[in-house]
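Residues per chain, in single letters:
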Amino acid sequence: MEKVSEELNVKKKSSLKSTIAVSLTNYLDAGAIVAGASGLTLWKDYLGLTEGHLGWLNAISANCLGAAIGAIIGGFLADRYGRKAIYTYNMLIYMLGVLLILLSTGFPMLLAGFLITGISVGVGVPASWTYISESSEVNNRGRNIGISQMAWGIGPTIILILGTLLAPPTGGSGTEGMLFGVVQSVAAWFGTDSGAALHVFSSRIVFASLFVVAFIAWMLQRRLDESEEWKSMKSKKEEAGEPSTSSTFASFSSLLTNKVNLRTILFLAGMYLTWNLVSSVMGFFQQHIYETAGGLSNEYANMLSVGQWLVIIATTFAFSMIVDKVNQRWLFFTGVMFAVLAWVLVLTVGINSLTGLLVFTLLWGLQGGISVQSFYALWASELFPARYRAAAQGVMFFLVRGLSAAWGLGFVYIYGEQGEGFTRAAWVMLLLLVVSLVIGTTGAPNTRGKTLEQITKERYGE
């Protein structure tokens with residue numbers, strides 16, 4: 001009995017350790033989005049970009065199309081070659097993309113950096129959520145997914161704090177971050193000492209920090225053991241005599257023709273897409289919105305976002321502690337209701353007052369901690385068989401982030417150059433969130449406390 005208890009404790013510690021290592025993918029995902037967002041105005045001034053240029057940066061970044069392309073590739077690779085294969089090479093691609101961004105001197109180079117970084121993020125997402133789910137104990141699956149989502153909050157918080165400390169003087173107030181002297185020193189070393197070219201070094205340094213974290217993530221993740229469930233699935237395929245060269249494509253064909261799969265894809269993609277259309281805009285344009293529609297300086301916009309991400313981290317921690325113990329349907333409903341209330345506030349009070357901004361930031365932070373993405377990561381890794389678990393997530397992530405890219409391009413024209421169309425955009429945001437609320441609440445699966453094998457047998461039979 002003591003031996004069994006000891007083995008369970010070892011497995012629990014091992015799953016937590018692997019969860020933390022894999023969760024760095026979420027840190028770098030959200031970190032790349034927010035690093036771009038926090039320096040968006042700086043790059044706009046430095047390169048003379050228009051709102052249309054900003055829309056393209058959002059569309060092909062880790063926020064949208066780049067991640068969409070990467071996800072469908074990464075899903076196939078993770079099911080065909082294993083979860084570990086992704087962790088052995090993917091961070092090298094991420095580092096290349098970040099390096100292009102921090103060295104950019106023109107829009108094409110900046111665009112290429114955003115695209116490559118986004119593709120790398122997308123490749124890692126299906127593998128990371130699948131690996132965490134497969135390596136977790138039955139009663140800790142939601143907890144481990146929640147911990148991985150905490151990294152999705154910690155990344156932006158650190159990036160925004162760094163952006164605030166390095167922020168250049170903006171607006172009439174002339175306020176600057178406490179560490180702007182470091183920016184001046186680094187820029188001077190490269191022969192730049194004034195103007196927009198100096199200010200954009202604040203963003204360059206922020207991206208340099210992501211390069212360092214990506215290197216650490218690569219060192220940790222390449223040492224992970226392969227998923228036992230994937231190895232078991234591979235062995236069963238070999239015993240059944242399935243040809244390895246075609247098994248992935250055969251599985252994908254089954255994924256798109258099986259009625260259970262199609263219903264699951266429609267449910268998860270519908271719930272996640274409608275929420276992500278709003279979240280992707282907020283993830284990339286939030287500081288820009290605060291600066292234009294809200295009238296804040298770059299420094300104060302970053303400070304307010306830091307406060308929001310601290311709320312998200314705290315709420316996500318609470319989510320991870322209770323998600324395996326409570327009714328997940330009503331926990332989902334509570335989280336999305338915070339989001340709905342946030343946009344109702346925008347349409348009634350507005351965000352051009354400090355009170356409106358603070359309450360909106362609080363509500364949006366609360367929904368971020370009990371976010372649709374957390375439930376999507378959990379349910380998507382539970383509801384599909386191991387043979388195409390990652391590929392299914394890749395397909396859905398491709399659809400969601402791809403459509404988010406198109407929406408990002410359209411949003412900048414609805415919003416306007418200085419936020420004159422923000423109210424119209426807010427009505428669209430509210431409608432999308434209500435749709436996500438209805439789909440997720442009515443379709444929430446009953447998977448809590450069940451093994452992945454048990455869930456698969458209940459849904460697909462033997």
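How each quantity is defined
- Residues numbered from 1 in each chain as written.
- Predicted model: local features only at pLDDT ≥ 70, side-chain atom pairs only at ≥ 80, totals over all residues.
- Heavy atoms only, no water.
- Helix = DSSP H or I, 4+ residues; strand = E, 2+ residues; numbered from the N terminus.
- Buried < 20%, exposed > 50% of the residue type's maximum accessible area, 1.4 Å probe, protein only.
- Areas by Shrake-Rupley, 256 points an atom, 1.4 Å probe, with all protein chains shown as cover.
- Patch = residues over 30% accessible without salt bridge, like charges linked within 9 Å, V, L, I, M, F, W, Y side chains within 5 Å.
- Salt bridge = Lys/Arg side-chain N within 4 Å of Asp/Glu carboxyl O.
- Arc of directions from axis to C-beta.
- Contact = heavy atoms within 4.5 Å.
- Core = buried A, V, L, I, M, F, W, Y, C linked by side-chain atoms within 4.5 Å.
- Phe/Tyr/Trp six-rings, centres within 6.5 Å; stacked < 30°, edge-to-face > 60°.
- Axes fitted to C-alpha atoms, helices over the stretch in contact; angles between N-to-C directions.
- Parallel < 35°, antiparallel > 145°, perpendicular 65-115°, else oblique.
- Nonpolar A, V, L, I, M, F, W, Y, C, P; charged D, E, K, R; others polar.
- pLDDT = per-residue confidence, 0-100.
- Polar contact = N/O pair within 3.5 Å; in protein donor to acceptor, adjacent residues only side chain to side chain.

Peer 1: Just to check I follow, could you spell out the overall build of the chain for this structure?
Peer 2: When you go through the chain residue by residue, the secondary structure sums to 20 helices and zero strands. Counting the 462 residues in the chain, one finds 58% classified as buried. Surface accessibility of the chain: about 18,100 Å² in total, with carbon and sulfur atoms responsible for 67%.

Peer 1: Looking at this structure, how should I read the environment of Ser305?
Peer 2: Within the fold, Ser305 resides in helix α14 (residues 298-322). Sequence separation between Ser305 and Leu362 is 57 residues, and the spatial gap between their C-alpha atoms is 9.9 Å.

Peer 1: Would you explain a nonpolar patch on the surface in this entry?
Peer 2: Residues Val212, Phe215, Ile216 and Leu220 make up a contiguous nonpolar surface patch of roughly 340 Å² in combined accessible area. The topology assignment puts Val212 in helix α10 (residues 201-221). Residue Val212 is classed as partly exposed on the basis of its relative accessible area of 48%.

Peer 1: Before we go on, may I ask you to explain helix α20 (residues 452-460) in this structure?
Peer 2: Since the α-helix turns once every 3.6 residues, residues separated by three or four places project in the same direction. For α20, the complete set of buried residues consists of Leu452, Ile455 and Thr456. Taken around the axis of α20, the buried residues stretch over an arc of 100 degrees, which confines them to a single face. On its buried side, α20 packs onto α6 (107-134), α7 (141-166), α11 (228-239), α17 (372-382) and α18 (389-415). Looking one or two residues beyond α20, the residue adopting positive phi is Gly461, at roughly 75 degrees.

Peer 1: How should the pattern of salt bridges be read in this particular structure?
Peer 2: Pairing is possible between side chains that carry opposite charge, provided their charged atoms lie close to one another. Counted under the stated rule, the structure contains eight salt bridges. The partner of Arg83 in a salt bridge is Glu134, with the nearest N and O atoms 2.7 Å apart. With Arg83 in helix α5 (residues 83-102) and Glu134 in helix α6, this pair connects stretches of sequence that are 51 residues apart. For the pair shown, Arg83 and Glu134 are each scored as buried. Across the pair Lys457 and Glu453 runs a salt bridge whose closest N-O atoms are separated by 3.6 Å. With Lys457 and Glu453 both in helix α20 and four residues apart, this pair spans about one turn of that helix. For Lys457, a relative accessible area of 41% gives the class partly exposed. What you see here is one network of salt bridges that share partners, running through Asp79, Arg83, Glu134, Glu229 and Arg389.

Peer 1: Honestly, the nonpolar core in this entry has me stumped. Any pointers?
Peer 2: In globular proteins that are soluble, nonpolar side chains generally tend to be buried together. If you look at the biggest cluster of nonpolar residues, it comprises 128 residues, and the most contacted ones within it are Leu268, Trp343, Phe360 and Trp379. No other element matches helix α13 (residues 259-292), which puts 15 residues into this core. Sequence-distant contacts of Trp379, defined by excluding residues within four places in its chain, comprise Phe267, Leu268, Met271, Gln328, Phe332, Gly440, Ala444, Pro445 and Thr447.

Peer 1: Looking at this structure, I do not really get the side chain of Asn276. What am I missing?
Peer 2: Among the structural elements, Asn276 can be located in helix α13. Not counting residues up to four positions away in its chain, the partners in contact with Asn276 are Val400, Arg401 and Ser404.

Peer 1: Honestly, the packing of aromatic side chains in this entry has me stumped. Any pointers?
Peer 2: The relative placement of two aromatic rings is captured by the distance of their centres and the angle of their planes. In the structure shown here, the tally under the stated rule is 20 aromatic pairs. A centroid spacing of 6.0 Å and a plane angle of 65 degrees characterise the contact between Trp43 and Tyr46, whose relative ring orientation is edge-to-face. Taken together, the residues Trp43 and Tyr46, both in helix α2 (residues 40-47) and three residues apart, mark about one turn of the helix. Residue class for Tyr46 comes out partly exposed when judged on its relative accessible area of 23%. Aromatic pair Trp129 and Phe397: ring centres 6.0 Å apart, planes at 80 degrees, arrangement edge-to-face. Pair noted here: Trp129 is in helix α6 and Phe397 is in helix α18, with a separation of 268 residues, a long-range link. With a relative accessible area of 1%, Phe397 lands in the buried category.

Peer 1: Looking at this structure, I do not really get the packing of α18 against helix α19 (residues 422-443). What am I missing?
Peer 2: Geometrically, a packed helix pair is captured by the angle between its two axes and the distance between the axes. In contact at an axis separation of 8 Å, α18 and α19 are set at 140 degrees when each is read in the N-to-C sense. Judged on the interaxial angle alone, α19 and α18 are oblique. Here Trp407, Phe411, Ile414 and Tyr415 of α18 lie close against α19, whose contacting residues are Phe422, Arg424, Ala425, Val428 and Met429. Across the contact of α18 with α19, the residue classes break down as eight nonpolar, no polar and one charged.

Peer 1: I would appreciate a short explanation of the environment of Glu291 in the present structure.
Peer 2: Considering the arrangement of structural elements, one finds Glu291 in helix α13. Note: C-alpha distance between Glu291 and Thr41 (250 residues apart in sequence) is 9.0 Å.

Peer 1: Can you walk me through the confidence of the model for the chain in this structure?
Peer 2: Detailed reading of predicted coordinates is not advised where the pLDDT is low. A residue-level look at the chain finds 89% of positions with pLDDT of 70 or above and a mean pLDDT of 83. The element-level mean pLDDT for the chain is lowest in helix α12 (residues 244-257), coming to 60, with helix α15 (residues 328-348) highest at 93. Segment residues 1-11: pLDDT under 50, and one contact once partners within four positions in sequence are set aside and those in other chains are kept.

Peer 1: Before we go on, may I ask you to explain the side chain of Thr25 in this structure?
Peer 2: Topologically, Thr25 is positioned in helix α1 (residues 2-38). At 3.2 Å, the side chain of Thr25 and the side chain of Gln221 are in polar contact.

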